[in-house]
Amino acid sequence: MFPTERMRRLRKSESMRDLVSETQISKQKLIMPVFVDENLKEPKKIDTMPGILRLPLGALEEYFGRLEDLGLRSVLLFGIPKSKDPAGTSAYDPEGVVQKALHICDESSRLISIADLCLCEYTDHGHCGLIQNGKVDNDSTLETYGKIATSYAEAGADMVAPSGMMDGQVAAIRSALDAANFRDTVIMAYSAKYSSYLYGPFRDAAESTPKFSDRKSYQMDFRNSREALREVELDEVEGADIVMVKPGLFYLDIVSQVRKMTKKPLAVYSVSAEYTMIKNAVDLALAQKEIINEAIYAPFRAGADMLITYFAEFYAENF
Ligand SMILES: [Zn+2]
């Protein structure tokens, strides 16, 4: 009771504050997304994501080395292929862009390579699944996801990260991987992935905007939270090794709820518009490092075990 209980006692010096701090983060907990574009010769700026580049395959070895030198340990790879078709066949081409990037990562670095697994960057219609009768068809898409997973594992992926939000995708991928003897390939499941306008800059970066309709028939409705817990439960049962909440900063209530219900490692993806909003704000000469630091702490305080963030490289450079 006041004044015997004085909260300020434990805040009086930096050492005291550090001693009682409840959340610690480290570079090893951050995952840097990397856009690899097969059509490029030189790195190219992404207008909607200041400071982030699309990289040609030829620039990867050096970039992976840089991330490693900075103390980062993991990358999440997205590919922009040369060719797109209705079935997204370039996603499981052994000579595909992500497959090549995985080989480079495997041979030139000790980074954990995580391959985002979806069809939207590889289909000419831009949807995350195959189209039948004008709709995204769940079960035929699963077969293709299995092929992509096996192809990524063959190319050396440490983890595959299915992001398409098809029902049963984790089980389908696990069984495809096991059947091909890739029992140790980890599945990081985009379990609670919301349909969000915060993905806007990413679609620009990865050229993955759907040509018709939207993704609301498979991604989650942002008005829901119990549904997120069901999605996570299903992915646990299907064999996900790591579960995820995406987006991050707008969805910390979901992170906190998922933390309470799962014993699995929990990843959070702080998405492109979250990055761009903060970046634009801090570039107006606000306290840049401090705001970014706070934004990186928030998902961990909410219960994340790891964070996918476009600030990973910046953080590793500055902290
Ligand atoms: Zn997708």
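Everything below is about the structure printed above this text.
Quick summary incoming for the structure in this document. None of the values given here were measured: they were computed from a predicted structure. (Residues numbered from 1 in each chain as written. Predicted model: local features only at pLDDT ≥ 70, side-chain atom pairs only at ≥ 80, totals over all residues.)

### Quick notes on the overall build of the protein
So, step 1. For the protein, the helix and strand inventory stands at 11 helices and 12 strands.
So, step 2. Against the globule reference of 20 Å for 319 residues, the protein gives a C-alpha radius of gyration of 20 Å, in line with a compact fold.
So, step 3. Across its three principal axes, the protein shows a C-alpha extent of roughly 70 × 45 × 40 Å.
So, step 4. Within the protein, buried positions represent 48% of all 319 residues.
So, step 5. For the protein, the proportion of contacts with a sequence separation of at least 24, taken over those separated by at least 6, is 74%. (Helix = DSSP H or I, 4+ residues; strand = E, 2+ residues; numbered from the N terminus. Rg over C-alpha atoms; globule rule 2.2 N^0.38 Å. Buried ≥ 20, exposed ≤ 12 C-beta atoms within 10 Å, placed from the backbone. Contact = placed C-beta atoms within 7 Å.)

### Let's talk about the environment of K147
So, step 1. Residue placement: K147 occurs in helix α4 (residues 138-154).
So, step 2. Residue classification places K147 among the partly exposed residues on the basis of 15 C-beta atoms within 10 Å.

### Some thoughts on the pairing of strand β5 (residues 112-117)
So, step 1. Taken across its 6 residues, β5 has 5 buried, putting it largely inside the fold.
So, step 2. Pairing of strand β4 (residues 74-80) with β5 involves 4 bridges; the strand directions are parallel. Paired with V75 across the strands is S113, a residue of β5.
So, step 3. Handedness of the β4-helix α3 (residues 97-108)-β5 crossover: right-handed. (Pairing = 2+ DSSP bridges. Right-handed = clockwise from strand over helix to strand, strands pointing away.)

### Overview of helix α7 (residues 226-238)
Quick reminder: α-helices carry 3.6 residues per turn. Residues three or four places apart thus point the same way.
So, step 1. Along its 13 residues, α7 runs 19 Å from first to last C-alpha, staying within 8% of the 18 Å computed at 1.5 Å per residue.
So, step 2. Looking only at α7, the buried set comprises A228, E231, V232 and D235. Angularly, the buried residues of α7 cover 95° about the axis, an arc narrow enough to put them on a single face. Among the exposed residues of α7, those oriented more than 90 degrees off its buried face are R226 and V237. (Expected span 1.5 Å × (residues − 1). Arc of directions from axis to C-beta.)

### Focus: unusual backbone geometry
So, step 1. Going from K246 to P247, the amide bond is cis rather than trans, its omega being -5°.
So, step 2. For P247, the position within the fold is in the loop between β10 (242-246) and α8 (252-261).
So, step 3. Although it is not a glycine, M165 adopts a positive phi angle of roughly 60°.
So, step 4. Mapped onto the elements, M165 comes out in the loop between β8 (159-162) and α5 (169-179).
So, step 5. For M165, a count of 25 C-beta atoms within 10 Å puts it in the buried group.
So, step 6. Here E207, not a glycine, exhibits a phi torsion of approximately 50°, which is positive.
So, step 7. Secondary-structure assignment places E207 in the loop between α6 (200-206) and α7.
So, step 8. The class of E207 is partly exposed, set by 16 C-beta atoms lying within 10 Å.

### Topic: the packing of α4 against α5
So, step 1. Packing of α4 against α5 leaves a shortest axis separation of 8 Å and a crossing angle of 45°. Accordingly, the angle class assigned to the pair α4 and α5 is oblique. As for how α4 packs across α5, the hand of that crossing is right-handed. The residues of α5 that touch α4, namely those facing L142, Y145, G146, A149, T150 and A153, are Q169, A172, I173, A176 and L177. (Axes fitted to C-alpha atoms, helices over the stretch in contact; angles between N-to-C directions. Parallel < 35°, antiparallel > 145°, perpendicular 65-115°, else oblique. Left-handed = near helix turned anticlockwise from the far one by under 90°.)

### Focus on the nonpolar core
So, step 1. In this structure, V36, V75, L77, Y152 and V160 are the most contacted members of the largest nonpolar core, which totals 101 residues.
So, step 2. Residues in contact with V36, not counting those within four places in the same chain, are L55, L57, L60, L77, F78, G79, I80, V97, V98 and A101. (Core = buried A, V, L, I, M, F, W, Y, C linked by C-beta atoms within 7 Å.)

### Remarks on α8
So, step 1. Residues of α8 that are buried include every one of I254, V255, Q257 and V258, and no others.
So, step 2. In this structure, the buried side of α8 is in contact with β9 (186-193), α7, β10, β11 (266-269) and α10 (288-302).

### A word on the environment of D93
So, step 1. One can find D93 in the loop between β4 and α3.
So, step 2. Here D93 falls in the partly exposed class, since 17 other C-beta atoms lie within 10 Å of it.
So, step 3. Here the alpha-carbon distance between D93 and K147, two residues 54 residues apart in the chain, equals 9.5 Å.

### Some remarks on the pairing of β10
So, step 1. β10 sits mainly inside the fold: 5 of its 5 residues count as buried.
So, step 2. Residues I242, M244 and K246 of β10 are buried on one face, and the alternating residues V243 and V245, pointing to the opposite face, are buried as well.
So, step 3. Where β9 lies against β10, 4 bridges are found, and the strand directions are parallel. Pairing of K193 across the sheet is with K246, part of β10.
So, step 4. Bridge analysis of β10 against β11 gives 3 bridges, and the strand direction is parallel. Directly across from V245, in β11, lies its bridge partner V268.
So, step 5. Each parallel crossover has a hand, and for β10 linked through α8 to β11 it is right-handed.

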